[in-house]
Every structure is written in C-alpha cells, then in structure tokens.
Amino acid sequence: MIGGLFVAYGIIVTLIGIFDSRAEIDKAEGVRINLWAGLSMLVFGLLMLLWQWLRPADPPAPNEQPPGS
C-alpha cells in the first residue's frame with residue numbers, strides 16, 4: 001500500500017519537476033529539486049512494490065481456541 005502511494009506521489013512530483021519554471025529552479029539554486037525528489041520517491045516506491053511481490057507477507061495463523069476460553 002505504501003509503495004503504491006510513493007509511486008503515485010513520485011509520478012506527480014516528477015511531472016511537476018519536469019515543468020518547473022525558471023524562477024522555481026533559481027529559487028532552489030539551480031537544482032531541479034522536484035524532479036530529483038520525484039524520481040527518488042518513484043524508485044523507492046517501485047522497490048517497495050518489488051519487495052512485496054518477491055516476498056509477500058504471510059497471513060497470520062488463525063487461533064485454535066477463541067479468546068477467553
């Protein structure tokens with residue numbers, strides 16, 4: 001779930017970074033910070049989704065007895 005959110009936000013921030021104005025780039029001292037942050041979020045989210053796909057979490061084992069018995 002969190003990996004998917006990182007991917008979604010990474011795509012949005014990357015697109016904002018691609019279309020940054022010159023004033024926004026100058027405000028960040030010449031660094032396209034939105035582009036780099038978005039790409040980092042996108043890569044992190046994709047790694048989290050890959051991890052979940054390769055090693056899915058095991059569901060919890062059901063209890064043998066109901067609680068309080």
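Because the structure is predicted, anything quoted here is derived from the model rather than measured.

Peer 1: Before we go on, may I ask you to explain the overall build of the chain in this structure?
Peer 2: A count of helices and strands for the chain gives 3 helices and 0 strands. The order of helices and strands in the chain, counted from the N terminus, is α-α-α. In the chain, which comprises 69 residues, the share counted as buried stands at 14%. At a minimum sequence separation of 6, the contacts of the chain that also span at least 24 residues come to 65%. Just so you have it, the chain exposes about 5,900 Å², and 69% of that area is on carbon and sulfur atoms. Averaging the positions of the 4 positive and the 6 negative side-chain charges in the chain gives two centres separated by 9 Å.

Peer 1: Would you mind showing me how to read a nonpolar patch on the surface here?
Peer 2: On the surface, Met1, Ile2, Leu5, Tyr9, Ile12 and Ile16 cluster together to form a nonpolar patch covering roughly 680 Å² of accessible area. Checked against the element boundaries, isoleucine 12 lands in helix H1 (residues 2-18). Judged by relative accessible area, which is 45%, isoleucine 12 ranks as partly exposed.

Peer 1: Can you help me understand unusual backbone geometry in this one?
Peer 2: Glycine aside, residues mostly have negative phi, and peptide bonds are mostly found in the trans state. The phi dihedral of glutamate 29 is positive, around 60°, even though this residue is not glycine. Classification of glutamate 29 by relative accessible area gives exposed; the value is 76%.

Cut-offs applied
Residues numbered from 1 in each chain as written. Predicted model: local features only at pLDDT ≥ 70, side-chain atom pairs only at ≥ 80, totals over all residues. Heavy atoms only, no water. Helix = DSSP H or I, 4+ residues; strand = E, 2+ residues; numbered from the N terminus. Buried < 20%, exposed > 50% of the residue type's maximum accessible area, 1.4 Å probe, protein only. Contact = heavy atoms within 4.5 Å. Areas by Shrake-Rupley, 256 points an atom, 1.4 Å probe, with all protein chains shown as cover. Lys, Arg positive; Asp, Glu negative; His and termini not counted. Charge placed at Lys NZ, Arg CZ, Asp CG, Glu CD. Patch = residues over 30% accessible without salt bridge, like charges linked within 9 Å, V, L, I, M, F, W, Y side chains within 5 Å. Salt bridge = Lys/Arg side-chain N within 4 Å of Asp/Glu carboxyl O.

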